[in-house]
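Summary of the model geometry
For reference, the chains in residue letters:
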Amino acid sequence: MSATAFPVVQVRTLILALLLGLAAALAAAAQTPGPDYTAWENFAERAEAALDGGDLGDGELQRLRADVVDWRAQFLAAQNVRSTRLATLRDQVAALGPPPAEGAEEAADVAARRADLRAEIEVEQAPALRATEAYGRADGLVAQIDRARRGLQATAVLRQTPSPLLPSSWAAALGDGMALLTGLVTDTQAALTETAFGPRAAQSLLLLAVAVLLLTAGRAWVDRLPARLSARLSPGASGAVDFLASLGQIVLPVAGVWLVALAFDRGGLVGDWGRPFLHAAPVAGFSFFAGRWIAQNLLPPHPDEPAILELKPPRRHRARRKAIVLAAAFALYQLLSRAMLPLAGIDHEDADFSSVPVIFSDAAGGVWHLPMILVGSFALLRLGHLLRRPEPGDTAELMPPLDRVFAAAASLSRLVALIAPLAALLGWTSLANAILWPTAITLAVIGVVLLLQKFIADLWLLITGSREGANTALAPVLIGFGLVLAAFPVLALVWGARVEDLAEVWTRAGQGLAIGTFRLSPGAILTFFIVFSVGYAITRVVQSAFRNSILPRTRMDRGGQSAIVSGLGYLGIVMAAIIAILAAGIDLSSLAIVAGALSVGIGFGLQNVVSNFVSGIILLIERPVTVGDWVRVGGAEGYVRKMSVRSTQIQTFDRTIVVVPNQDFIAKEVTNWTRGTSAGRIIVRVPVAHGSNTRRVAAMLQEIAEDQPTVLIEPAPSTVFMGFHADGLDFEIRAVLSDINQGLSVSSEIRHQIIERFAAEGIQIPFAQRDVWVRNPEALPAPVPPVVGAGDAREDAERQGPKRPRARREEDDELDPRIAGASASGLEDAGDDGDGDGDGPGQR
């Protein structure tokens, strides 16, 4: 054996070992035991007993809920362990055919096989049934725990404490405050006494220097950065870049506050009394600087700078100041409530921050909370008043939807700003905090969504360079809609929902809605839309290939090509829908009842739609009318521009589009002048005066018709002497054109040549003339004597000549041979379309 064969053998051995290891892992996974139902039963009994006792706190309920959720996840996984084997067994039973009817018998071997398969199915589905039962019990426990936690939360919020207006409450607040001050002074003195200058002190000084730099020079530099970038960038790029640069107005100051807290903590300058304030300082700093950033971006300080909320500069300035005051009050609330105060609406039992050693009483907490609630309520009241309605002269209907939501939230905030201080004065301090600050945060969240939507539009403008597309393109609109949807979970957390509650909602949504034997879940919906979108895109690609590459190389006319392309489109859409339904796990057999119910509605309410649909299919197959044909159906006449399954679009000769239902093409008479051939006949009527040489007139008309380049030689044009009437003699020119679409221009040219030839030959075109004879002039009234001052009127009447008096008259119609002009009504366009009315295809 050669030396090169050893590596090959080693590689083969390694691959074989990996395959054996994978098979062993799969076998071990298949043999993994299911949940321990005995342990679960014991745990569930203890949990139910504890819940029935009602003496569990929120922290204990949270830990209990986490254990129950773990058990529930195990049961959910156990429900689908043998699903593949069960599906195989059910298919085998279905392959045996339907069971015999009552009283009937089947072959003994088939009956025995059916009984064996059913017994095996019962054995295989027993673990899944047990897991399903345990899952239902665990799910019920989770719901019971959630109700208990919501009850505790509601009790804490609605608990009434001593009013802060009572003297005893002020005494308690003063006593607790003095204890806090004493503790802070003692703690600081001890820290300064024990701290010696060394590496930790140097590190703290360095951190303080960096923090001061960030809070002073860094903040000023970041505040001026957007203006500097706007001056250097193009208008299309400045919006998105300014937004990203403005985020430094939050990041740098908050980083400075965090470095200050870190410097004091690392340097040992504070103890147990001051450390809770250091831990809460970054959160309070973020609350203030984020609120300030939102106010300055929604309501910019420069009057010429465009604002999302269109307010006039004075009103905008006042609203911005009130928003900053509200942010400052909320930051102070965050600092004190996290460090020392109760009744804050924050769950201290499972929080990750510490409090000062002194425990503030409820009475003292109400007094300390009252100034913050009053300042915050006043700022919120004024802010809501400024933002609740548009400027004078503007209408709310013209505002974007999200702006109207913001204005409505501002209006509701005024009500909250009135209720919160009243509740705090009456002793419901937790309730006041629970409604005041979430309302302010709600306004901030809506403002952030507005700012992000503007950023997306500016980013789209930066990428595409289209300012119109930034507001009308589909992608920015969909992203903005996604931002609105993402705001709902955030608002739920703001108003007291827990992360576990949102996770439970997501779990419920993932399980879907049971509709019969089918479960409609977000995954199934997403699968349906993805598969259908892919199928729809493939259909459009195939249509484009047939329309532009394959069908133009054939001898098929445009109408046939359009019919094939349309048929491929409808077939592709139907197939994409069916494949998407199957991919989503929807049983088509369950849709039979829905289809039966829809058939009743189709028979009554949708019969016209179905009739048009069937008529469209007939038109696409038989093709009596195709795209480009000149047709007349009902009162519409023009060229067919588009044919669909439901309707057909006809472009009239005045360039308007008429949508005709396809049913009219089947049920009504349709005239198609260009079907199969574009040749068509025109008829031009020519009247001449009595006494004209008819032979000569006929010869001239024949020559004029034959001289037209589009008139066919076979069949040859003809001139017909149609008859007599009181005004003259009637002739008609009948000619077949190679292209009937030129009938109007050819008829017009024939009339021009007729006028020229008749003028040269002295042939008159007659028109009616009437002479009025007065039989009894003596019956006319005497002339009216002249009126003084009417000389001007009399002179005007003399210049105009005598007027014929009114009397009984006899009208005689005759022709005036002196008139050689042609009447416009003497030349009419009459196409012989077979209906005898004289309005043929030559007249448009």
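Note that the coordinates shown come from a computational prediction; the quantities given were computed from them, not determined experimentally.

For the protein chain, the helix and strand inventory stands at 25 helices and 13 strands. A burial count over the protein chain gives 35% of its 844 residues as buried. For the protein chain, the proportion of contacts with a sequence separation of at least 24, taken over those separated by at least 6, is 72%. Carbon and sulfur atoms make up 63% of the accessible area of the protein chain, which totals about 48,800 Å².

Our next topic: unusual backbone geometry. With an omega of 0°, the peptide bond running from E714 to P715 counts as cis. Assignment of secondary structure puts P715 in the loop between α23 (694-706) and β9 (718-725). Of note in the backbone geometry, R655 takes a positive phi value of approximately 70° without being a glycine. Tracing the backbone shows R655 in the loop between β5 (647-652) and β6 (657-661). The exposed category is assigned to R655, whose relative accessible area is 62%.

The buried count for strand β10 (residues 728-737) comes to eight of ten residues, which makes it a mostly enclosed element. The sheet contact formed by strand β8 (residues 680-688) and β10 spans nine bridges and is antiparallel. The residue bridging I682 from the neighbouring strand is A735, located in β10. Connecting the antiparallel pair β9 and β10 is a turn made up of two residues.

What follows concerns the sheet that holds β5. Reading across from one edge, β6-β5-β4-β3-β7 is the order of the five strands in this open sheet, with antiparallel pairing throughout. Both edges of this open sheet fall to β6 and β7 (670-672), since each of them pairs with a single strand only. When strand polarity is set aside, the average angle formed by the axes of neighbouring strands in this sheet is 40°. In the sheet, strand β3 (residues 630-633) pairs with strand β4 (residues 636-643) via four bridges, with the strands oriented antiparallel. Pairing of V631 across the sheet is with G638, part of β4.

Note on placement: T648 falls in strand β5. Within the local environment of T648, its side chain forms a polar contact with the side chain of N662, the two groups lying 2.8 Å apart. Residues contacting T648, with those up to four places away along its chain left out, are L619, V640, K642, M643, V658, V659, V660, N662 and F665.

Scanning the model with the defined rule gives 21 aromatic pairs in all. Aromatic pair F528 and F529: ring centres 5.6 Å apart, planes at 80°, arrangement edge-to-face. By relative accessible area, which is 48% here, F529 ends up partly exposed. Judged by centre distance (5.4 Å) and plane angle (80°), the ring pair of F721 and F724 falls under edge-to-face.

Overall, the predicted model of the protein chain reaches an average pLDDT of 79, with 79% of residues at or above 70. The low-confidence segment residues 26-31, where pLDDT is below 50, has zero contacts with residues more than four positions distant or belonging to other chains. Across residues 800-844 the pLDDT falls below 50, and counting only partners more than four positions away or on other chains, this stretch makes 89 contacts in the model.

Here helix α10 (residues 275-298) contains 24 residues, and its C-alpha end-to-end distance of 35 Å stays within 8% of the 34 Å for a straight helix at 1.5 Å per residue. The largest bend along α10 reaches roughly 35° and is located at A281, with the proline P282 sitting one to four residues downstream. For α10, the tally of buried residues reaches 18 of 24 residues, placing the bulk of the element in the interior.

Within the largest apolar cluster, 63 residues are counted, with the highest numbers of intra-cluster contacts made by L180, L298, M340, L387 and W437. Elements represented by at least two residues in this core include exactly α6 (167-194), α8 (235-246), α9 (248-266), α10, α11 (313-339), α12 (362-387), α13 (401-425) and α14 (429-464). Looking at this core element by element, the count peaks at eleven residues for α14. Among all residues touching L180, those that are not within four sequence positions of it are W273, F277, M340, V356, V358 and F360. The next biggest cluster of nonpolar side chains, apart from the first, holds 25 residues, and it includes W630, L729, V746 and F758.

A regular strand places its side chains so that they alternate between the two faces of the sheet. Of all eight residues that make up β4, six are buried, and the element is covered over most of its length. From the end of β3 to the start of β4, which pair antiparallel, there are two residues, and G634 there has a positive phi angle of about 60°. Relative to β5, β4 runs antiparallel, the two sharing five bridges. Paired with K642 across the strands is Q649, a residue of β5. As consecutive antiparallel partners, β4 and β5 are separated by three residues.

Right, let's get into the packing of α10 against α14. As a packed pair, α10 and α14 sit with axes 10 Å apart at the nearest point and diverge in direction by 50°. By the angle between their directions, the pair α10 and α14 is classed as oblique. In this structure, α10 meets α14 at a crossing whose hand is left-handed. Contacts from W293, I294, N297 and L298 in α10 reach A444, G447, V448, L450 and L451 in α14. Looking at side-chain class alone, the contact of α10 with α14 contains seven nonpolar, two polar and no charged residues.

Nonpolar side chains collect at one region of the surface, where V610, F613, V614, I617, I618, I621 and I666 lie side by side and expose about 580 Å² of accessible area between them. Examining the composition of the nonpolar patch, we find that six residues originate from one element, helix α21 (residues 607-622), more than from any other.

Attention now goes to the packing of helix α5 (residues 108-157) against helix α17 (residues 499-511). Following both chains from N to C, one finds α5 and α17 inclined at 145°, their axes separated by 12 Å at the closest point. Both α5 and α17 take part in a crossing whose hand is left-handed. Contacts between α5 and α17 involve Y135, D139, V142, D146 and R149 on the former and, on the latter, E500, D501, E504, R508 and Q511. For the contact of α5 with α17, the residue count by class is two nonpolar, one polar and seven charged.

Let's shift gears to helix α3 (residues 58-78). Over its 21 residues, α3 runs 30 Å from end to end, which matches the ideal 30 Å to within 8%, given 1.5 Å per residue. Within the span of α3, buried status applies to D58, G59, L61, L64, R65, V68, W71, R72, F75 and A78. On its buried side, α3 packs onto α2 (37-53), α5 and α17.

Under the defined criterion, the tally for this structure stands at 18 salt bridges. Where R149 meets D58, a salt bridge forms, and the shortest distance between an N and an O atom there is 3.2 Å. You can see R149 sitting in helix α5 and its partner D58 sitting in helix α3, a full 91 residues away along the chain. With a relative accessible area of 3%, R149 lands in the buried category. Judged by relative accessible area, D58 falls into the buried class, the value being 7%. Here the residues in one salt-bridge network are R65, R72, D139, D146 and E504, joined through shared partners.

A few words on the side chain of Q543. In this fold, Q543 is placed in helix α18 (residues 522-550). Among the residues examined, Q543 registers a relative accessible area of 5% and is labelled buried. For Q543, the side chain forms a polar contact with the side chain of R540, separated by 2.4 Å. Aside from chain neighbours lying at most four places away, what touches Q543 is V565, S566, L568 and G569.

Calculation notes
Residue numbering note: each chain is counted from 1, following its sequence as written. Given that the model is predicted, a residue must reach a pLDDT of at least 70 before its local features are reported, and side-chain atom pairs must reach 80 or more before they are shown or counted; all residues, however, enter totals for whole chains, interfaces and linings. Hydrogens and water are ignored here; the side-chain numbers use all heavy atoms of the structure. The helix count covers DSSP runs of H or I at least four residues long, the strand count covers runs of E at least two residues long, and both are numbered beginning at the N terminus. Burial status follows relative accessibility: with a 1.4 Å probe on protein chains alone, a residue under 20% of its type maximum counts as buried, one over 50% as exposed, and anything between as partly exposed. By definition in these notes, contact holds between two residues if any of their heavy atoms fall within 4.5 Å. Note on areas: Shrake-Rupley, 1.4 Å probe, and residue coverage restricted to the protein chains presented here. Here, strands pair whenever DSSP counts at least two bridges between them. To define axes, lines are fitted to C-alpha atoms, for helices over the stretch in contact only, and angles between the resulting N-to-C directions are given on a 0 to 180 degree scale. Here a polar contact is taken to be a pair of N or O atoms separated by no more than 3.5 Å, where protein atoms must pair a possible hydrogen donor with a possible acceptor and residues adjacent in sequence count only if both atoms sit in side chains. Centre distance within 6.5 Å is the pairing criterion for rings of Phe, Tyr and Trp, where only the six-membered ring of Trp is used; planes under 30 degrees apart are then read as stacked, over 60 as edge-to-face, and the remainder as tilted. You can read pLDDT as the predictor saying how much it trusts each residue, on a scale of 0 to 100. Working rule for helices: expected span equals 1.5 Å times residues minus one. We define the bend at each residue as the angle formed by axes fitted to the 7 residues ending at it and the 7 residues starting at it. Buried Ala, Val, Leu, Ile, Met, Phe, Trp, Tyr and Cys residues that are joined via side-chain atoms within 4.5 Å together make up what is termed a nonpolar core. Reported orientations rely on four angle classes, namely roughly parallel under 35 degrees, roughly antiparallel over 145, roughly perpendicular from 65 to 115, and oblique for the rest. In this scheme, a crossing is called left-handed if the near helix is turned counterclockwise away from the far one by less than a right angle; it is called right-handed if the turn is clockwise. Polarity classes work like this: nonpolar for Ala, Val, Leu, Ile, Met, Phe, Trp, Tyr, Cys and Pro, charged for Asp, Glu, Lys and Arg, and polar for all others, with Gly in that last group. The patch calculation keeps residues exceeding 30% relative accessible area without a salt bridge and links them within 9 Å when they carry like charges or within 5 Å when they are nonpolar (Val, Leu, Ile, Met, Phe, Trp, Tyr). Salt-bridge detection follows one rule: a side-chain nitrogen of Lys or Arg within 4 Å of a carboxyl oxygen of Asp or Glu.

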